[in-house]
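# Coordinates in review
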Amino acid sequence: MGEKILAYLSTNGSELQQAFLQHIEISSIAFAIAVVIGVPCGYLCWKHQRGGKPLLAFFQVLRVIPSLAILLLFIPIMGTGVLPASIALVLLAVPAILMNTTAGLAQVDPAIVETGLGLGMTDRQLLFKVRFPLATPLILAGMKTAAIEIIASATLAAKIGAGGLGELIFTGLGLNRMDLVIVGGVSVALISLAVSLLFDLLEYVLGTHRHTRRKEGSEMKPLKQVVACLAVVGLAVTLVACGSAGGSNDDGKATVRVGSKDFTENIVVSEIYAIALEDAGYTVERVPAVASSVIHTTITSNEIDLYPEYTGTGLLSVLNMDMITDPEEVYETVKDEYDKRFDITWLDYSQANDGQGLVIRTSVADQYGIKTISDLQKHASELNFASQGEFDAREDGLPALEAAYGTFDWKSSKVYDNGLKYSVLSSGEGDVSPAYTTEGQLTNTDEYTLLVDDLQVWPPYNLAPIVRNDVLAANPEIADILNKVSATLTTENVTALNAAVDVDKREYDEVAREYYDSIK
């Protein structure tokens, strides 16, 4: 494991640096906005206690809502990307700052305030020279809590295409690559630790200021020190944003944003697209491991320009149309509807058909004599089902199976991340799981058996690149570049690509490069 981590760091340093800077940028923007909202609102809740209770209650409710749920709530309203992620993170961070500001102001000793009044201080002077300075330690504690919560939750922003270190973590989960998970997780932990130490240092400096005699005016006041620190953070964020701004390369060609879903095959094929475009002179920005449930929103909201999609997914999950089983008819239908509804073009589809399926441990299949999905339905009550959540609700998932085969009364049914399903099966925690028919692990028939869809429930899932029309109009040669790639992809060689990553544990970008070099 250590060797893999070192190898990744030596060959992918720039990728890690970009993810690191994106994570800091997203977190810093959300934190700065949360402070601007939380401190004034905390003051208002303290000043107007009766009227502030509903506001305080509202933000307390936000604290119990899961981070991912808040992120996903913004998708129908604002789409995907950095903006909705930042707003969701702000809502997660404001409660800690608001409540600590309110508590800090409320605990100021009334005797000290009376002393200030006796010295002739105005309400404004009392607020900024007495109340806020005395409340500063508690306010800083709230800010520290909020900052660390933002940094941790920002990993989830990768699920909606906002980038950051979450891309490494979710790519690692999708590829079952623990080295990527560890690199991403440790990086997030290091940022959190650095921020925690920064707040501890700031609190120490301000505490020293309060207890040390200084000439009046010779040092910045505590409140000004806090503002100065936030200003430095804001300047750093601005510089990062300017330094990472996109554009065109030296040849005048546009930067193309290539996305992928969060599982091996899509990540590898997306990387092949990216390499082909780079070989043609384009600059490529990779946006990997976007959650399958939101990647369509990511492309329609202009967060990415293209990604590999499946004809059956487009027909049933995106367009919500009736099932069609003829591959050419499915393709023509999705091509026409995407162009009309979303201004997106389906380029040529490949022969690679990554269809839906169910995989069972071979030992269990042999024990109960299960070869088909009809056999599986009869023995469902004796088997543990390892689902991926959306399969239970998708039209082409469990509902389609139960409409054709009857109810599957599982012994138990639990939801796992897609990247963990073969580990779950091999450990015996699950017996059956949804699968895609080109997954590399299926080459190991001694361990896993792909069940026969004997009633032919599932439609074709041919793989094809889909591209925003405005991007294709500005760069028409993209179609020819990616169509040449699609012409080479078959079910057999895509399965082999998956096996190279998932079974042989090779780097996905190395596998993609090797494949592209073999076809160009």
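This report concerns the structure included in the present document. (Residues numbered from 1 in each chain as written. Predicted model: local features only at pLDDT ≥ 70, side-chain atom pairs only at ≥ 80, totals over all residues. Heavy atoms only, no water.)

### Digging into empty space enclosed by the protein
As enumerated under the stated definition, the model contains 1 cavity of 30 Å³ or more in all. Taken as a whole, the largest cavity encloses approximately 40 Å³ of empty space. The wall of the largest cavity is formed by Tyr8, Asn12, Glu15, Arg177, Leu180, Glu507, Tyr508 and Asp509. (1 Å grid on protein atoms, 1.4 Å probe; cavity = no way out; pocket = protein on both sides within 12 Å on 5 of 7 lines; lining within 4 Å. Points joined across faces, edges and corners; volume = space filled by probe spheres on them.)

### What about a nonpolar patch on the surface?
A grouping of Met1, Met178, Ile182, Val186, Leu190, Leu193 and Leu197 is seen on the molecular surface, where their side chains present a nonpolar patch of about 630 Å² in accessible area. Structurally, the position occupied by leucine 190 is in helix H10 (residues 178-211). (Patch = residues over 30% accessible without salt bridge, like charges linked within 9 Å, V, L, I, M, F, W, Y side chains within 5 Å. Areas by Shrake-Rupley, 256 points an atom, 1.4 Å probe, with all protein chains shown as cover. Salt bridge = Lys/Arg side-chain N within 4 Å of Asp/Glu carboxyl O. Helix = DSSP H or I, 4+ residues; strand = E, 2+ residues; numbered from the N terminus.)

### Quick word on unusual backbone geometry
One non-glycine residue, asparagine 320, lies in positive phi territory at about 55°. By secondary structure assignment, the location of asparagine 320 is in the loop between helix H14 (311-318) and helix H15 (327-342). Look at asparagine 320 and you get exposed, because its relative accessible area is 57%. A positive phi angle, close to 50°, is found at glutamine 456, a residue other than glycine. When you line up the elements, glutamine 456 lands in the loop between strand S9 (448-450) and strand S10 (463-468). (Buried < 20%, exposed > 50% of the residue type's maximum accessible area, 1.4 Å probe, protein only.)

### What about the side chain of serine 350?
Mapped onto the fold, serine 350 is located in the loop between strand S4 (344-346) and strand S5 (356-361). The class of serine 350 is buried, set by a relative accessible area of 1%. Among the polar contacts listed, one links the side chain of serine 350 to the backbone nitrogen of alanine 352, at a separation of 3.3 Å. Apart from the residues lying within four places of it in its own chain, the contact partners of serine 350 are Asn462, Leu463, Ser486 and Leu489. (Polar contact = N/O pair within 3.5 Å; in protein donor to acceptor, adjacent residues only side chain to side chain. Contact = heavy atoms within 4.5 Å.)

### A look at the pattern of salt bridges
What the rule picks out here adds up to 16 salt bridges. Here the residues in one salt-bridge network are Asp336, Glu337, Lys340 and Arg341, joined through shared partners.

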